2 protein chains.
Amino acid sequence: MDEPRQGGGAAPKGTVTQRAIERIKAMIGEGLLEPGQRLPTERDLAAQLGISRSSMREAIRALTVLGVLEARHGSGIYVTQLQAGDLLETFGVVADLSRGPRLVELLEVRRILESTATALAAARITPAQLAVVEGHLAAMNATEDPEEILAHDLAFHRAIAEAAGNETMAAILEGLSSRTFRARVWRGYREEGAFDRTRREHAAIHRALAAHDPEAARAAAAAHVGEVEEWLRAQVGS
Amino acid sequence: MDEPRQGGGAAPKGTVTQRAIERIKAMIGEGLLEPGQRLPTERDLAAQLGISRSSMREAIRALTVLGVLEARHGSGIYVTQLQAGDLLETFGVVADLSRGPRLVELLEVRRILESTATALAAARITPAQLAVVEGHLAAMNATEDPEEILAHDLAFHRAIAEAAGNETMAAILEGLSSRTFRARVWRGYREEGAFDRTRREHAAIHRALAAHDPEAARAAAAAHVGEVEEWLRAQVGS
DNA sequence: TTGACCCAAGTGGTCCGACCACATCCATGG
DNA sequence: CCATGGATGTGGTCGGACCACTTGGGTCAA
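Throughout this document, residue positions are counted from 1 along each chain, in the order its sequence is written. Chains and ligands are labelled sequentially in the order written, the chains with letters from A and the ligands with numbers from 1. Totals for whole chains, interfaces and linings use every residue, but because this is a predicted model, local features are given only for residues with pLDDT of at least 70 and side-chain atom pairs only at 80 or more, for both listing and counting. Each side-chain value is derived from all of the structure's non-hydrogen atoms; neither hydrogens nor water enter the calculation.

1. Notes on the packing of aromatic side chains
Both the distance between ring centres and the angle between the ring planes are used here to describe each pair of aromatic rings. Rule in force here: When two rings of Phe, Tyr or Trp (its six-membered ring) have centres within 6.5 Å they constitute a pair, described as stacked for plane angles under 30 degrees, edge-to-face for angles over 60, and tilted for the intermediate range. Helix and strand definitions here come from DSSP, where helices need a minimum of 4 consecutive H or I residues and strands a minimum of 2 consecutive E residues; each element is numbered from the N-terminal end. Under the scheme applied here, a residue whose accessible area is under 20% of the maximum for its type counts as buried, over 50% as exposed, and between as partly exposed, the area being computed with a 1.4 Å probe on protein chains only.
Counting across every chain of the model gives one aromatic pair over all chains. Measuring from ring centre to ring centre gives 5.3 Å for phenylalanine 91 of chain A and phenylalanine 91 of chain B, while their planes differ by 65°; the resulting arrangement is edge-to-face. Here phenylalanine 91 of chain A, found in helix H5 (residues 91-97), pairs with phenylalanine 91 of chain B, found in helix H5 (residues 91-97), and the two come from separate chains. Classification of phenylalanine 91 of chain A by relative accessible area gives buried; the value is 3%.

Spelled out as structure tokens, the structure:
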């Protein structure tokens, strides 16, 4: 045994960068680092853990893309609010990089969550929130620009998910419906005249929300997502 | 030579590292990089994008923690299989870092997915898969070691999720039930004698699976997760 | 011939030092 | 009192050096 580390007891596993990542995550997990709090400088952190600034920077960059930390040029490094949106942003990457069968599976997950979220929204939605939903619905029907339609479509579902009262679920659904993901589906989808059907489905969802009818809302949402799901399933088969 | 950017038209947005990350993600998204394929060396990649090796390393590290790339010391950098498990590993971080109300929301999402997954499993499960589930159930009841119980509990639900036939959902559920997450819940939970109840709930789930009764399975799973959910909700309130 | 062994080249991992770009704070001066 | 400008500190980028590990081919003995 050449005892490469002094008696501290910490086993030297993996790369130093990986260890640094775990250390910082642990600090946050144990409450030593509060959301929004500012961390020591890269140089100080590196010195504290006995590693080089380069390695520490890689660790910080990794935690940055995970939505745990936020680096502000010239100011410092801060812990994010650790909101659902911060951490689940990476969920969009999954959707962007998924192909074939995996895409269908992803859509199946979305169908399950979206239908439940819509049902919850039907029970809880306030008049103000309903007005927002109606706004996006109207805007979506008032234009022919695909880009704009997509944006309002996304916002439409986002507003419903928020009305369900579960921020985490809303964030996951947003990631599942990332721009690229939706754009890919829309391409070549409108050609089959499914454009009007989408419009009708959205109207059905809105009707159920206005009537505060959870069961109808669940069915309408499930049908809406299921429609795309079936089409995609057929595409994958060919 | 000044010539900040030649006419290519690409706007220099954000940090060079961030751009490198996007570039590599785009290459994979467009199919230029296949799963399992080996990338050029860090030095070559850096040269291709006209950035330093340090910056390129940060980009690679970021994509590594996201489960998109895999670096093998002395061998090279490879694209992962991009399986659901690879990409959704980061989901565990969310569970580990969530606190209070967010934890309840997370558990609510799990309840929705787990109940649906269990229902699907009841309809599709094969005798062989059922045997695996029973194995973990028996092992769980045969020991008193919390560590071992937790492992088999996790495997129990994992096996059910796999039987549902949706790898993506199984991966998400696994992330939602990350080690730390479950351990935190168990601590101080057994004290209220809820230990036997968990055993009974698991038995109910198994019964529904064996009977191929989706509705019963859904109810049993929802009740199982909901039990923990309610307890946690009460804890947060205090 | 065949097999085990060893070494050299290539690759990721780590460290260092320098400089740049930007944000912030404070002394200065109106 | 407020606006201004510079000094300071911070993250961002760069280049080079060396270390640790893998890989493959060549050597040498059986």
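The rest of the description comes next.
2. Description of the side chain of serine 98 of chain B
Residue and element names in this part refer to chain B. Convention followed: The term polar contact refers here to a pair of N or O atoms within 3.5 Å; inside protein, the definition further demands a hydrogen-donor-capable atom paired with an acceptor-capable atom, and it admits residues adjacent in sequence only when both atoms are side-chain atoms. Every residue pair with non-hydrogen atoms within 4.5 Å of one another is taken to be in contact.
With respect to the element layout, serine 98 can be found in the loop between H5 and helix H6 (100-124). Given a relative accessible area of 1%, serine 98 falls into the buried group. Of the polar contacts made by the side chain of serine 98, one reaches the backbone oxygen of valine 94; its length is 2.6 Å. In contact with serine 98, not counting residues within four places along its chain, are Leu103, Leu106 and Arg184.

3. A closer look at the nonpolar core
Worth spelling out the cut-off: Working definition of a nonpolar core: buried Ala, Val, Leu, Ile, Met, Phe, Trp, Tyr and Cys residues. They are joined through side-chain atoms within 4.5 Å.
Grouped together as the largest cluster of nonpolar side chains are 143 residues, with contacts concentrated most on Val68 and Leu69 of chain A together with Val68 and Leu69 of chain B. Here the element with the most residues in this core is helix H6 (residues 100-124) of chain A; it accounts for eleven residues. For leucine 69 of chain A, the residues in contact, after removing those within four places along its chain, are Ile24, Ile28, Leu39, Ile60, Leu63, Thr64, Ile77, Tyr78, Val79 and Thr80 of chain A.

4. What about the protein's contact with DNA strand C?
In plain terms, the rule: We call a residue near a molecule or strand when any one of its heavy atoms sits within 4 Å of it. Classes in brief: Ala, Val, Leu, Ile, Met, Phe, Trp, Tyr, Cys and Pro nonpolar; Asp, Glu, Lys and Arg charged; the others, Gly included, polar.
Of all residues adjacent to DNA strand C, which total 26 residues, the nearest are Val16, Ser55 and His73 of chain A together with Arg53 and Arg57 of chain B. In DNA strand C, atoms within 4 Å of the protein come from the sugar-phosphate backbone in 62% of cases. One nitrogen or oxygen atom from the side chain of arginine 53 of chain B is found 2.8 Å from a base nitrogen belonging to DNA strand C. Here a base nitrogen of DNA strand C and a backbone polar atom of glycine 74 of chain B are 3.2 Å apart. When residues of the surface near DNA strand C are traced back to their parent elements, those giving at least two are helix H1 (16-29) and helix H3 (53-65) of chain A together with helix H2 (42-49), helix H3 (53-65), strand S1 (69-72) and strand S2 (76-79) of chain B. In terms of residue class, the surface near DNA strand C is built from four nonpolar, 13 polar and nine charged.

5. Brief notes about the protein's contact with DNA strand D
Taken together, 26 residues lie around DNA strand D, and Arg53 and Arg57 of chain A together with Val16, Ser52 and His73 of chain B are the ones closest in. The sugar-phosphate share of atoms of DNA strand D within 4 Å of the protein amounts to 62%. Within the side chain of histidine 73 of chain A, a nitrogen or oxygen atom sits 3.1 Å from a base nitrogen of DNA strand D. Listing elements by their share of the surface near DNA strand D, those giving two or more residues are helix H2 (42-49), H3, strand S1 (69-72) and strand S2 (76-79) of chain A together with helix H1 (16-29) and H3 of chain B. In terms of residue class, the surface near DNA strand D is built from four nonpolar, 13 polar and nine charged.

6. Details of the pattern of salt bridges
Let me state the cut-off plainly: For this analysis, a salt bridge means a side-chain nitrogen from Lys or Arg found within 4 Å of a carboxyl oxygen belonging to Asp or Glu.
Within this structure, the stated rule accounts for 28 salt bridges over all chains. For glutamate 229 of chain A, the salt bridge identified is with arginine 233 of chain A, shortest N-O distance 2.6 Å. Linking glutamate 229 of chain A with arginine 233 of chain A, this pair stays in helix H12 (residues 214-237), spanning four residues, or about one helical turn. With relative accessibility at 37%, the residue arginine 233 of chain A sits in the partly exposed group. A network of salt bridges, in which partner residues are shared, links Glu42, Arg53, Arg57 and Arg61 of chain A together with Glu58 of chain B.

7. Let's talk about the environment of proline 214 of chain B
Residues and elements named next belong to chain B. Relative to the helices and strands, proline 214 resides in helix H12 (residues 214-237). With 144 residues separating them along the chain, proline 214 and glutamate 70 place their C-alpha atoms 39 Å apart. Leave out the neighbours within four places in its chain, and proline 214 touches Ala119, Ala122 and Ala123.

8. Considering the domain arrangement of chain A
When the parts come together, some accessible area is lost, and that loss is often what is quoted as the size of the interface. Where we set the bar: Delimitation of the domains relies on an automatic or database domain assignment.
When cut into domains, chain A gives domain 1 (16-82) and domain 2 (87-237). Taking only C-alpha atoms into account, the centre of domain 1 of chain A sits 36 Å from that of domain 2 of chain A.

9. Notes on the relation of the copies chain A and chain B
Applied cut-off: A least-squares fit on C-alpha atoms brings the copies together, and the residues used are those whose pLDDT is at least 70 in both copies.
Of the two same-sequence chains, chain A is brought onto chain B (RMSD 0.2 Å, axial shift 0.0 Å) by a rotation of 180°. Taken together, the rotation angle and the small translation identify this as a two-fold axis. Taken together, the interface assignments show that 98% of the residues at the interface of chain A recur at the interface of chain B, consistent with an identical surface on both copies.

10. A closer look at the environment of methionine 27 of chain B
In this structure, methionine 27 of chain B sits in helix H1. Here methionine 27 of chain B is in contact with Leu32 and Leu33 of chain B, once residues within four sequence places are set aside.

11. Comments concerning H2 of chain A
All names here are of chain A. To keep it simple, the criterion reads: Here the arc refers to the set of directions running from the helix axis out to each C-beta atom.
If you check which residues of H2 are buried, you get Glu42, Leu45 and Ala46. An end-on view of H2 places all buried positions within 100° of arc, on one side of the element. The outward face of H2, more than 90 degrees from its buried face, is lined by the exposed residues Arg43, Ala47 and Gln48. Residues of H2 that are buried sit in contact with H3 and S2. Once H2 ends, the next one or two residues include glycine 50, with phi positive near 70°.

12. What to know about the pairing of S2 of chain A
Convention followed: Pairing between two strands is assigned when DSSP locates at least 2 bridges connecting them.
Burial along S2 of chain A is two-sided: Gly76 and Tyr78 of chain A facing one way and Ile77 and Val79 of chain A facing the other are all buried. Where S1 of chain A folds back onto S2 of chain A in an antiparallel hairpin, the turn is made up of three residues, including glycine 74 of chain A, whose phi is positive at roughly 85°.

13. Structural notes on the pairing of S1 of chain B
Bridge count between S1 of chain B and S2 of chain B: four bridges; the pairing is antiparallel. By the bridge assignment, arginine 72 of chain B is partnered in S2 of chain B with glycine 76 of chain B.

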